[in-house]
Amino acid sequence: MLKEIHGHIVNELQQNAKTDTVFVVAAVLFNLVVLGINWGVASEAARGRHTGQNDLILGLLIFGTVLINLFATRALLSGRSSRERLLLGLRKMYSDNGVDQYYDDTLIGTYHSRYTLFTMVLAVLGIIAIVVPLIARNMN
């Protein structure tokens, strides 16, 4: 039974990693695409071809950028929490079976740091995707 539980926890950790990867990659790609679109829309306004349609597109994409980054951040925080609980359970299983000396406890802190860095990358890209086009739009 112990082998099945171990396998289940490992499978959950793998699924967690895949899900986190999807959210990070999707958010990064979205931010980069939005940066390009917003920059193009903002550049048109800066050239004097300002239209209400450009403002609407810019506003909607800024709103979308905020939402996507909030959702991705929430997913990462949830993933981090799940990973920590799974790893603590795995660590306890190893301890109960006398093989805990083979699992380095600092890994949990390392994973926590990695999630923090992923979140920071999303925040920086999101801010750039919003602020740079706004600056370009207002340069006349």
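Coordinates for the structure precede this section.
Numbers given to residues run from 1 along each chain, matching the order in which its sequence is written. Note on the predicted model: pLDDT of at least 70 is required for a residue's local features to be given, and 80 or more for side-chain atom pairs to be given and counted; whole-chain, interface and lining totals, by contrast, use all residues. Derived side-chain values reflect all non-hydrogen atoms in the structure, with water molecules and hydrogen atoms excluded from consideration.

1. Focus on the overall build of the protein chain
Logical step 1: The number of helices and strands found in the protein chain is three helices and zero strands.
Logical step 2: Where helices and strands are cited, they refer to DSSP runs of H or I of at least four residues and of E of at least two residues respectively, numbered from the N terminus. In sequence order, the secondary structure elements of the protein chain are arranged as α-α-α.
Logical step 3: Taking 2.2 N^0.38 as the reference for a compact globule, 140 residues should give roughly 14 Å; the C-alpha atoms of the protein chain span a radius of gyration of 21 Å, well beyond that estimate.
Logical step 4: Projected onto the principal axes, the alpha-carbon positions of the protein chain cover approximately 70 × 25 × 15 Å.
Logical step 5: Three labels apply to residues, based on accessible area from a 1.4 Å probe with only protein chains included: buried if under 20% of the type maximum, exposed if over 50%, partly exposed otherwise in between. For the protein chain, with 140 residues in total, the buried portion stands at 32%.
Logical step 6: Whether two residues are in contact is decided by their heavy atoms, any of which lying within 4.5 Å being enough. Of the contacts formed within the protein chain by residues at least 6 apart in sequence, a portion of 85% connects residues at least 24 apart. Note on method: radius of gyration uses C-alpha positions; expected globular size equals 2.2 Å times residues raised to 0.38.

2. What to know about the packing of aromatic side chains
Logical step 1: Centres within 6.5 Å make a pair out of two Phe, Tyr or Trp rings, where for Trp the six-membered ring is used; the pair is then stacked when the planes are under 30 degrees apart, edge-to-face when over 60, and tilted otherwise. Considering all chains together, one arrives at two aromatic pairs under this definition.
Logical step 2: A ring pair is formed by Tyr115 and Phe118, whose centres lie 6.5 Å apart and whose planes are at 70 degrees; its orientation type is edge-to-face. With Tyr115 and Phe118 both in helix H3 (residues 106–137), this residue pair falls three residues apart, about one helical turn.
Logical step 3: The buried category is assigned to Tyr115, whose relative accessible area is 2%.
Logical step 4: Over the ring of Tyr111 we find Arg83, and its NZ or CZ is 4.6 Å from the ring centre. Lysine and arginine charges are scored as sitting over a ring when NZ or CZ, respectively, is within 6 Å of the ring centre and within 35 degrees of the ring normal.

3. Notes on the nonpolar core
Logical step 1: The biggest cluster of nonpolar side chains holds nine residues, and these are Ile9, Leu13, Leu86, Leu87, Leu90, Met93, Tyr94, Tyr103 and Ile108.
Logical step 2: For this core, the leading source of residues is helix H2 (residues 52–96), giving five residues.
Logical step 3: Once residues lying within four places of it in the same chain are set aside, the contact partners of Ile108 are Glu84, Leu87, Leu88 and Tyr103.
Logical step 4: Judged by nonpolar contacts, the second largest core, of eight residues, contains Val24, Ala27, Val28 and Leu125. For the purposes of this section, nonpolar cores are sets of buried Ala, Val, Leu, Ile, Met, Phe, Trp, Tyr and Cys residues that join through side-chain atoms within 4.5 Å.

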